[in-house]
Amino acid sequence: MLDLSKNKVDALKRLSDENGVIGALAIDQRGSLKKMIATGNASHVGDEGIIRFKRLVSEELTPFATAILLDPEYGMPAAKVRDKKAGLLVAYEKTGYDASDVGRLPDLLPEWSVKRLKEAGADAIKFLLYYDVDEEEKINNAKHVYMERVGSECAAEDIPFFLEIVTYDAKNEDVKSREYAKVKPNKVIGAMKEFSKPEYQVDVLKVEVPVNMNFVEGYAEGEAVHSKEEAAFLFNEQSKATELPFIFLSAGVSAKLFQETLKFAKRSGSTFNGVLCGRATWKEGVSPFAIDGEQAGRVWLQDTGKKNIEELNVVLKETAKSWFGKISAST
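Please read these numbers as outputs of a predicted model, since none were measured by experiment.

Undergrad: Summarise the overall build of the protein; cite the residues concerned and give the values.
TA: If you tally the helices and strands in the protein, you get 12 helices and 10 strands. Relative to a compact globule of 331 residues, whose C-alpha radius of gyration would be 20 Å, the protein shows 19 Å and is just as compact. Along the longest, intermediate and shortest principal axes, the C-alpha atoms of the protein span 50 × 45 × 45 Å. A burial count over the protein gives 54% of its 331 residues as buried. Residue pairs at least 24 apart in sequence account for 74% of intrachain contacts in the protein once pairs closer than 6 positions are excluded.

Rendered as structure tokens:
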């Protein structure tokens, strides 16, 4: 069981429901969101369009979420209009990675520190790390040192550290391919084992499910990579890989597939403790916002966006386990 300070436990409670399940909304996208908005209407491109859309999402959807994840570059206005019961996670990494360099090395936002983010109202710090457990040792060692630094900074400020791990294969750029689906379980589970080590001082892992459900028997449109039994075994192995609380990211899949995935995880014996769900909830609302303006975006969020998150909440109640059983509070 993870022993955390009372301040950290209190912060985690602000990010969770009364049962210790995290049902958080993620809209810390920056470059990708700018591209999504630009696809709809060139006049909405730029900082102002991103800021306005994040505000809309926060206003309309945080009454139905336990917390919201935002970035400090464009998201602080949205943080100010979130529901009073919704906690706040703030991203600490620069968006994306430098594709011209090998290794997808991380970088911090230079204008911010954990101390400043906490002073700005963050209940927890989130850091996104791209990680390939099979990457060359020099690159992964650099990432290990980087995460030790972020963990130490969070520990010094006594604020929870959420580490988001997005896996990849240095030898195969197509993470949606059949070939990647075969190696994904090893990538996800291996990364979780590594960053559960105490030297990183991670409090909550935000991770992918261990399989690509589009290649699982019964969910695959073509030939499956995994049988249902194999996929269930891998969900179980994922839970055994860490004693830390862990939550699932939606990875941009449809709201329906994400919900079905959580049900499958539950049936498989997964001990996941909630979600930080982004695009699956709101991505289809970008087009009406970009094409027809703010009111059209608001109407979509009030209708379909709300429906997506409420349906997800029902599934979460049926599937996610409380993190209360994984954490004790030190005095």
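Undergrad: Can you explain empty space enclosed by the protein? Please cite residues and give values.
TA: In total, this model carries 2 cavities of 30 Å³ or more according to the counting rule given. Empty space within the largest cavity amounts to approximately 60 Å³. Taken together, E93, K94, G96, Y97, R104, L105, P106, D107, L128 and Y130 form the lining of the largest cavity. Residue composition of the lining of the largest cavity, by class: 5 nonpolar, 1 polar and 4 charged. Taken as a whole, the second largest cavity spans an internal volume of roughly 40 Å³. Classifying every residue of the lining of the second largest cavity gives 7 nonpolar, 3 polar and no charged.

Undergrad: Describe in detail the packing of aromatic side chains, supporting the description with residues and values.
TA: One pass over the full model with this rule turns up 12 aromatic pairs. When the ring of Y97 is compared with that of Y130, the centres are 4.9 Å apart and the planes differ by 70 degrees; the resulting orientation is edge-to-face. Taken together, the positions of Y97 in the loop between β4 (87–91) and α5 (114–119) and Y130 in strand β5 (residues 124–131) put the pair 33 residues apart, joining distant regions of the chain. Between F195 and Y200, the ring centres sit 4.8 Å apart and the planes meet at 50 degrees, which makes this aromatic pair tilted. Considered together, F195 and Y200 belong to a single accessibility category, that of buried residues. Over the aromatic face of Y168 sits the side chain of R104, whose NZ or CZ is 4.1 Å from the ring centroid.

Undergrad: Can you lay out the nonpolar core for me, pointing to particular residues and giving the numbers?
TA: Counting 76 residues, the largest nonpolar core has M147, L205 and F248 as the members making the most contacts within it. With near-sequence residues (within four places) excluded, L205 lies in contact with L163, I165, M192, F195, S196, T242, L244, P245, F246 and I247. Residues L4, L89, A124 and I247 belong to the second largest nonpolar core, which totals 18 residues.

Undergrad: So what about helix α9 (residues 255–267)? Which residues, and what values?
TA: Each turn of an α-helix holds 3.6 residues, which means side chains three or four residues apart point in the same direction. Between the first and last C-alpha of α9 there are 19 Å, a value that for 13 residues agrees with the 18 Å anticipated at 1.5 Å per step. All of the buried residues along α9 are A255, L257, F258, Q259, T261, L262, F264 and A265. Lining the buried residues of α9 we find α8 (228–240), β8 (246–249), β9 (274–277), α10 (279–282) and α12 (294–319). Where α9 terminates, the next one or two residues include G269, which has phi positive at roughly 90 degrees.

Conventions we followed
Residues numbered from 1 in each chain as written. Predicted model: local features only at pLDDT ≥ 70, side-chain atom pairs only at ≥ 80, totals over all residues. Heavy atoms only, no water. Helix = DSSP H or I, 4+ residues; strand = E, 2+ residues; numbered from the N terminus. Rg over C-alpha atoms; globule rule 2.2 N^0.38 Å. Buried < 20%, exposed > 50% of the residue type's maximum accessible area, 1.4 Å probe, protein only. Contact = heavy atoms within 4.5 Å. 1 Å grid on protein atoms, 1.4 Å probe; cavity = no way out; pocket = protein on both sides within 12 Å on 5 of 7 lines; lining within 4 Å. Points joined across faces, edges and corners; volume = space filled by probe spheres on them. Nonpolar A, V, L, I, M, F, W, Y, C, P; charged D, E, K, R; others polar. Phe/Tyr/Trp six-rings, centres within 6.5 Å; stacked < 30°, edge-to-face > 60°. Lys NZ or Arg CZ within 6 Å of the ring centre and 35° of its normal. Core = buried A, V, L, I, M, F, W, Y, C linked by side-chain atoms within 4.5 Å. Expected span 1.5 Å × (residues − 1).

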